[in-house]
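Structural characterization, general
In case you want the letters, here they are:
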Amino acid sequence: MLTLGIETSCDETSVAVVEDGRRILSNVILSQAIHTKFGGVVPEVASREHIKTIVPVFQQAMAEAGITLTDIELVAATMGPGLVGPLLVGLSFAKGFAFTRGVPFVPVNHIEGHLAANILEHPDLDSHHLTLIVSGGHTMLVEVKEFGEYDILGRTRDDAAGEAFDKVAKLLDLGYPGGARLDKLAQNGDPTYHRFPRAVMKEGYQFSYSGLKTAVALYLKRTDPATVESHRADIAASFQEAVVDVLVRKTVLAATERRIRDVTISGGVAANSRLRELMKEKLDRARKRLFYPSTALCTDNAAMIAAAGYYRYQKTGPGEFVLDAVPYLPLE
Ligand code: KG4
Ligand code: ZN
């Protein structure tokens, strides 16, 4: 079954064609550079960019897949969570396409899309697994009983992990969004240079990142500029270590306590090199298996939406044409 996937929940306009939820024929991702100058995503600007680019991005995805309109059998689009204006652009495009072509339309939860990126890329992954979803908007530890059956073990109480990366990257003058740049800078730094606080809260699998962000801001304020300048990589590495340490500790604990063999990480922060490295090291020791998507499938993309849409369609059938975008759509 050839699925057309559409993702416009934030600042990426993406259209993909995926076969049977497993084989990517095309996955075109256009990141809106315009927000860099504002230091964050401006919702109305994002909506207008999606409106301008959705058709060309769609045409490119069709051309790269080497298919025609009549080949598409299912259309999947993100309905939430995300920014309402951007969501409406993709959703309307998807509904219009499905209606005029007479093919089913299926709405997709963006978070389910992120976790489906691993199912798409790793046929070997057990349908029962533990996933750590870490993106710019979400930090969640979820037991996946099977696709669509979720037990949410914990989430962040304040900032998401990616948000913490972006805020600290800004403090280090790395621009926005700075997660990937901070990762790169930290590769030349000493993670033990300064010990930033770890918010290891007593109650199980909850996360918190606002305290860490404040600790970095205070540290930078009271350290003299010359020292900061000569130790930027060390500070980046020390901050990153504090984030990754807690994510890994709680994930390994959950996999052990719940006796789950396969573990995945997904979302933009799953691209982080230190998170991948430390998670692999600790899970190897606990005799668990780690899976993560290729870098392009960690950050927002339509291939993961097409895959999730395909599995959703198998499970619950098509969606209604009357449904609306839901900015705070929960995973459960
Ligand atoms: O999944 P995503 O594209 O968007 C959301 O659904 O939020 O995630 C984007 C987030 C941003 O905060 C970005 O800075 C972060 O993922 N990110 C990274 C890396 N690559 C992207 N954070 C740390 N290390 C990276 N290599
Ligand atoms: Zn995302």
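On to the site of ligand 1, then. Around ligand 1 sit 19 residues in total, of which His114, Gly136, Asp166, Asp183 and Asp300 are the nearest. Contact distances for ligand 1 include 3.1 Å between an oxygen atom and a backbone N or O atom of Gly268. With respect to ligand 1, the backbone of Asp300 contributes an N or O atom lying 2.9 Å from an oxygen atom. Protein chains shield 88% of the accessible area of ligand 1, which is 560 Å² for the free molecule. Judged by the proximity of its atoms to the pocket grid, ligand 1 belongs to the largest pocket. Among the elements of the structure, α3 (110–121), α4 (161–171) and α5 (179–186) are those that each provide at least two residues to the shell around ligand 1. Among the residues making up the shell around ligand 1, the classes are represented as five nonpolar, eleven polar and three charged.

Summed over all chains, the structure comprises 22 salt bridges. The salt bridge partner of Asp151 is Arg258, with a shortest N-O separation of 3.1 Å. One end of the pair, Asp151, is in strand β8 (residues 149–155); the other, Arg258, is in the loop between α8 (232–257) and β9 (262–266), and 107 residues separate them in sequence. Under the relative-accessibility criterion, Asp151 is labelled partly exposed at 25%. Ionic pairing is found between Lys167 and Glu163, a salt bridge with its closest N-O pair at 3.7 Å. Here Lys167 pairs with Glu163, and both are found in helix α4, just four residues apart, close to one helical turn. Take Lys167: its relative accessible area is 30%, and that puts it in the partly exposed class. Classification of Glu163 as partly exposed rests on a relative accessible area of 27%. A network of salt bridges, in which partner residues are shared, links Asp124, Arg261, Asp262 and Arg289.

Let's shift gears to the pairing of strand β2 (residues 12–19). The element β2 is extensively covered by neighbouring structure, given that seven of its eight residues are classed as buried. Of the pairings in the sheet, the one linking strand β1 (residues 2–7) to β2 comprises six bridges and is antiparallel in character. Across the sheet, residue Leu2 finds its bridge partner in β2, namely Glu19. Between the end of β1 and the start of β2, which pair antiparallel, lie four residues.

The next thing to look at is the layout of surface pockets. Considered as a void within the structure, the largest pocket measures approximately 1500 Å³ in volume. Lining of the largest pocket is provided by 46 residues; of these, Asp11, Gly136, Asp166, Tyr176 and Pro177 occupy positions nearest its centre. Of all elements in the fold, only β3 (23–31), α3, α4, α5 and α10 (295–298) reach the threshold of two or more residues within the lining of the largest pocket. Here the element with the most residues in the lining of the largest pocket is α4; it accounts for six residues. Across the lining of the largest pocket, the residue classes break down as 15 nonpolar, 21 polar and ten charged.

Donor atoms from the polypeptide that coordinate the zinc ion (ligand 2) comprise His110 (NE2), His114 (NE2) and Asp300 (OD), at 2.0 to 2.1 Å from the metal. Around the zinc ion (ligand 2) sit four donor atoms, and with donor-metal-donor angles ranging over 96 to 132° the site reads as tetrahedral. Between consecutive donor residues of the zinc ion (ligand 2), the sequence gaps follow H-x3-H-x185-D. Placement of the pair is His110 and His114 together in helix α3, with a separation of four residues, close to one helical turn.

Looking at the secondary structure, you find Thr251 in helix α8. A relative accessible area of 0% means that Thr251 is categorised as buried. Thr251 sits 46 residues away from Tyr205 along the chain, and the two C-alpha atoms are 8.2 Å apart. Filtering out sequence-adjacent residues up to four positions away, Thr251 remains in contact with Leu130, Leu132, Leu141, Val263 and Met279. Of the polar contacts made by the side chain of Thr251, one reaches the backbone oxygen of Leu247; its length is 2.6 Å.

With that settled, the discussion passes to the packing of α5 against α8. At a minimum axis distance of 8 Å, the contact between α5 and α8 shows a crossing angle of 115°. Of the possible angle classes, the one that applies to α5 and α8 is roughly perpendicular. For the element pair α5 and α8, the recorded crossing hand is left-handed. Facing Leu182, Asp183, Leu185 and Ala186 of α5, the residues of α8 in contact are Arg232, Ala233, Ala236, Ala237, Phe239 and Gln240. Of the residues contributing to the contact of α5 with α8, the split by class is seven nonpolar, one polar and two charged.

So, how was this worked out
- Residues numbered from 1 in each chain as written.
- Chains lettered and ligands numbered in written order.
- Predicted model: local features only at pLDDT ≥ 70, side-chain atom pairs only at ≥ 80, totals over all residues.
- Heavy atoms only, no water.
- Near = heavy atom within 4 Å.
- Polar contact = N/O pair within 3.5 Å; in protein donor to acceptor, adjacent residues only side chain to side chain.
- Areas by Shrake-Rupley, 256 points an atom, 1.4 Å probe, with all protein chains shown as cover.
- 1 Å grid on protein atoms, 1.4 Å probe; cavity = no way out; pocket = protein on both sides within 12 Å on 5 of 7 lines; lining within 4 Å.
- Sits in = over half its atoms within 2 Å of the grid points.
- Helix = DSSP H or I, 4+ residues; strand = E, 2+ residues; numbered from the N terminus.
- Nonpolar A, V, L, I, M, F, W, Y, C, P; charged D, E, K, R; others polar.
- Salt bridge = Lys/Arg side-chain N within 4 Å of Asp/Glu carboxyl O.
- Buried < 20%, exposed > 50% of the residue type's maximum accessible area, 1.4 Å probe, protein only.
- Pairing = 2+ DSSP bridges.
- Points joined across faces, edges and corners; volume = space filled by probe spheres on them.
- Donors = N, O, S within 2.8 Å, 3.2 Å for Na, K, Ca; no water.
- Tetrahedral: all angles 85-135°; square planar, octahedral: opposite > 155°, others 65-115°.
- Contact = heavy atoms within 4.5 Å.
- Axes fitted to C-alpha atoms, helices over the stretch in contact; angles between N-to-C directions.
- Parallel < 35°, antiparallel > 145°, perpendicular 65-115°, else oblique.
- Left-handed = near helix turned anticlockwise from the far one by under 90°.

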